[in-house]
Amino acid sequence: MIRVVLPAHLRTLACVTREVELEITGQPTQRSVIDALEARYPPLKGTLRDPVTQKRRAFIRFFASEEDLSHEPPDAPLPDAVVSGAEPFIVIGAMAGG
Amino acid sequence: MSQVRVLVGTRKGAFTLTSDGRRDNWDVAGPYFAGWEIYHMKGSPADANRVYASQSTGWFGQLIQRSDDGGVTWEPVGNEFRYDGVPGTHQWYDGTPHPWEFARVWHLEPSLTDPDSVLAGVEDAALFRSSDGGRSWGEVPGLRGHGSGPSWQPGAGGMCLHTIIVDPSDPERIFVAISAAGVFRSDDGGETWRPVNKGLHSEGIPDEDAEVGHCVHRLAMHPSRPEVLYMQKHWDVMRSDDAGESWNEVSGDLPTDFGFAIDVHAHEPETVYVVPIKSDSEHFPPDGRLRVYRSRTGGNEWEALTNGLPQSNCYVNVLRDAMAVDSLDSCGIYFGTTGGQVYASADAGDTWAPIVRDLPAVLSVEVQTLA
């Protein structure tokens, strides 16, 4: 079970009020987590990554365990602490956005 | 009794302003999509309850929202805008080739007859169409297929397709305008396009009367005379009497002919409204006086409308999609400012009053006249 913390605007869009929990089949990666997130919350499709290029949006960052995962390959395994559910996968809007 | 609903898109959300036909007391609802840029909202002429909204931010990209109850509740629909084929390049600000990249939807134009059919003008400039209520989008490829795309360049706001007008007497005829490329016309429902910019002169391009490259800010048409088009260009107010085949300047006695918004009276095809802005760098009214100018002669002769508008220390802008008219017997005129005011006149511009005056910067204003 992967815990995902969304920024406020995306919580509003997904109609959730707190972090969400996702079951991932296979090795959890950024790609599989976002795939599962978009499948469960269709309004989020295209908000974290461009729907055409599938690239992470420039003003979106991914953090976990006080580390910046934004530039990890999308198919790289997520840290053990995220996979175990001990730490959330945090989606952040960059400071420069808004 | 008739009602009016004003759809206001701002830098930080959407608002709906409603009144009865007297238009003296207004209810303000919103913000919807608080914190998001709402470049445009527009209702379907075929179903007033169907409203589309373009919602975006630099963080999360583009969403399209759809309402089926007149803007009370909303549903996000499709947001995949994929250019047809290899997108190619246009000119960047410095004149070098730059790849076509989708940024946002500037304008939504619902079909005159089908609530599920809607056109979208986007940045980087292209035209998209949905036939399923916004759930899926496909590019209308003939426009960029015209072949002049490599010479198009961005205006200060980006390289946007900001105006879409469908001829009500012939839905196969569509006009679009692009900053900075110019006006294009299709006579076959969007299959093929050609530039219609003869008569335009622009100092910002190497050939001042080139076929494409002009920074057209806005077009307006009266539905009863679809061959007559009015244009607010970067500089110059222009008029065409032959569906864009040729253009003539009608700036006349305006204090400045720079501006963004232009619209036509709902019942008087020769009555036109503009909001002169001082210059391309000073995006505010001349002398700090907010004046709408009205021509009752289809241009050239203009009168300043000031009653109820601030006549000192006013330095707001009125953007290209931020003026609209209603179709009540006494035509209402509406415009929004970058200072967050939405002004309305229920007497065709003679007197003005703010409906609301402290919204975020207004990007767009549309009006629905409800039975």
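All of these numbers come straight from a predicted model, not from anything done at the bench.

Participant: I would appreciate a short explanation of the overall build of chain A in the present structure.
Facilitator: Secondary structure summary: chain A contains three helices and five strands in total. Ordered by position from the N terminus, the helices and strands of chain A form the series β-α-β-α-β-β-α-β. In terms of C-alpha radius of gyration, chain A reaches 12 Å, essentially the compact-globule figure of 13 Å for 98 residues. Its C-alpha atoms give chain A principal-axis dimensions of roughly 30 × 25 × 25 Å.

Participant: I tried to follow the interface of chain B and chain A on my own but got confused; where do I start?
Facilitator: Interfaces are often sized by the amount of accessible area the parts lose when they come together. Every contact between the two is made by 10 residues of chain B and, on the other side, 15 residues of chain A. For the side of chain B that touches chain A, the per-class residue count stands at three nonpolar, five polar and two charged.

Participant: Is there a simple way to think about unusual backbone geometry in this case?
Facilitator: In most cases, non-glycine residues show a negative phi, while peptide bonds are predominantly trans. A cis amide bond links Gly30 of chain B with the next residue in sequence, Pro31 of chain B, at an omega value of 5 degrees. Inspection of the secondary structure puts Pro31 of chain B in strand β3 (residues 27-32). Phi is positive for Glu66 of chain A, close to 65 degrees, though the residue is something other than glycine. The residue Glu66 of chain A is located in the loop between β3 (60-64) and β4 (67-68) in this model. A residue is classified by how many C-beta atoms lie within 10 Å of it, and Glu66 of chain A, with 7 of them, is exposed.

Participant: Looking at this model, I keep getting lost on the confidence of the model for chain B. Mind explaining?
Facilitator: One rule of thumb: low pLDDT means the predicted coordinates there are not for detailed reading. The pLDDT averaged across chain B works out to 97; a share of 100% of its residues lies at or above 70. Across the assembled chains, the prediction reports ipTM 0.88 with pTM 0.95.

Participant: Can you walk me through the pairing of strand β20 (residues 237-240) of chain B in this structure?
Facilitator: All names here are of chain B. Along β20, one buried face is formed by Val237 and Arg239 and the opposite face, lined by Met238 and Ser240, is buried too. Across four bridges, the pairing between strand β19 (residues 229-233) and β20 is antiparallel. Each residue of the ladder has a partner; that of Met231, found in β20, is Met238. Connecting the antiparallel pair β19 and β20 is a turn made up of three residues, with Asp236 showing a positive phi of about 90 degrees. Relative to strand β21 (residues 248-249), β20 runs antiparallel, the two sharing two bridges. Directly across from Arg239, in β21, lies its bridge partner Asn248.

Participant: Please clarify how the sheet that holds strand β30 (residues 362-370) of chain B should be interpreted in this entry.
Facilitator: Residues and elements named next belong to chain B. Spatially, the four strands line up as an open sheet ordered β3-β2-β1-β30, and their pairing is antiparallel. One side of each edge strand has no neighbouring strand; the edge strands of this open sheet are β3 and β30. Put simply, the sheet's adjacent strands are angled 15 degrees from each other on average, direction ignored. Inspection of the sheet shows strand β1 (residues 3-10) paired to strand β2 (residues 13-20) by eight bridges, in the antiparallel sense. Bridge assignment links Gln3 to a residue of β2, and that residue is Asp20.

Participant: What's the story with helix α2 (residues 30-40) of chain A in this structure? I'm lost.
Facilitator: Structural remark: α-helix, 3.6 residues per turn; residues separated by three or four positions point the same way. Residue and element names in this part refer to chain A. Those residues of α2 lying buried are Gln30, Val33, Ile34 and Leu37. One face of α2 carries all of its buried residues, which in axial projection span an arc of 95 degrees. Those residues of α2 that are buried lie in contact with β1 (2-5), β2 (20-22), β3 and β5 (89-93).

Participant: Explain the environment of Thr12 of chain A here, please?
Facilitator: Here Thr12 of chain A shows up in helix α1 (residues 8-14). As a C-alpha pair, Thr12 of chain A and Pro43 of chain A span 31 residues in sequence and 10.0 Å in three-dimensional space.

Participant: Please explain the environment of Thr192 of chain B as it appears in this structure.
Facilitator: Residue and element names in this part refer to chain B. Structurally, Thr192 is set in the loop between β16 (182-186) and β17 (194-195). Take Thr192: there are 13 C-beta atoms within 10 Å of it, and that puts it in the partly exposed class. In sequence terms Thr192 and His146 are 46 residues apart; their C-alpha atoms lie 7.4 Å from each other. Excluding its chain neighbours within four sequence positions, the residues that come into contact with Thr192 are Gly142 and Ser186.

Participant: Looking at this structure, I do not really get the sheet that holds strand β28 (residues 342-345) of chain B. What am I missing?
Facilitator: Residue and element names in this part refer to chain B. Spatially, four strands are ordered β26-β27-β28-β29 in an open sheet, and the strand pairing comes out antiparallel. One side of each edge strand has no neighbouring strand; the edge strands of this open sheet are β26 (323-325) and β29 (353-356). For this sheet, the mean angle separating the axes of adjacent strands, direction not counted, is 25 degrees. Relative to β29, β28 runs antiparallel, the two sharing three bridges. Along β29, the bridge assignment pairs Tyr343 with Pro354.

Participant: Got a minute to help me understand the confidence of the model for chain A in this structure?
Facilitator: For chain A, mean pLDDT is 95; residues scoring 70 or higher make up 98% of the total. Predicted confidence in chain A is weakest over β4 of chain A, with a mean pLDDT of 95, and strongest over β1 of chain A, with 98.

Participant: I tried to follow the pairing of strand β12 (residues 126-130) of chain B on my own but got confused; where do I start?
Facilitator: The side chains of a regular strand alternate between both faces of the sheet. Residues and elements named next belong to chain B. The element β12 is largely enclosed, with a buried count of four among its five residues. Of the strand pairs in this sheet, strand β11 (residues 118-123) and β12 are connected by five bridges, and their pairing is antiparallel. Within the sheet, the bridge partner assigned to Val118 lies in β12 and is Ser130. Between the end of β11 and the start of β12, which pair antiparallel, lie two residues. Two elements, β12 and strand β13 (residues 138-139), share two bridges in a ladder whose sense is antiparallel. Across the sheet, the residue bridging to Arg129 is Gly138, located in β13.

The rules we used
Residues numbered from 1 in each chain as written. Chains lettered and ligands numbered in written order. Predicted model: local features only at pLDDT ≥ 70, side-chain atom pairs only at ≥ 80, totals over all residues. Helix = DSSP H or I, 4+ residues; strand = E, 2+ residues; numbered from the N terminus. Rg over C-alpha atoms; globule rule 2.2 N^0.38 Å. Contact = placed C-beta atoms within 7 Å. Nonpolar A, V, L, I, M, F, W, Y, C, P; charged D, E, K, R; others polar. Buried ≥ 20, exposed ≤ 12 C-beta atoms within 10 Å, placed from the backbone. pLDDT = per-residue confidence, 0-100. Pairing = 2+ DSSP bridges. Axes fitted to C-alpha atoms, helices over the stretch in contact; angles between N-to-C directions. Arc of directions from axis to C-beta.

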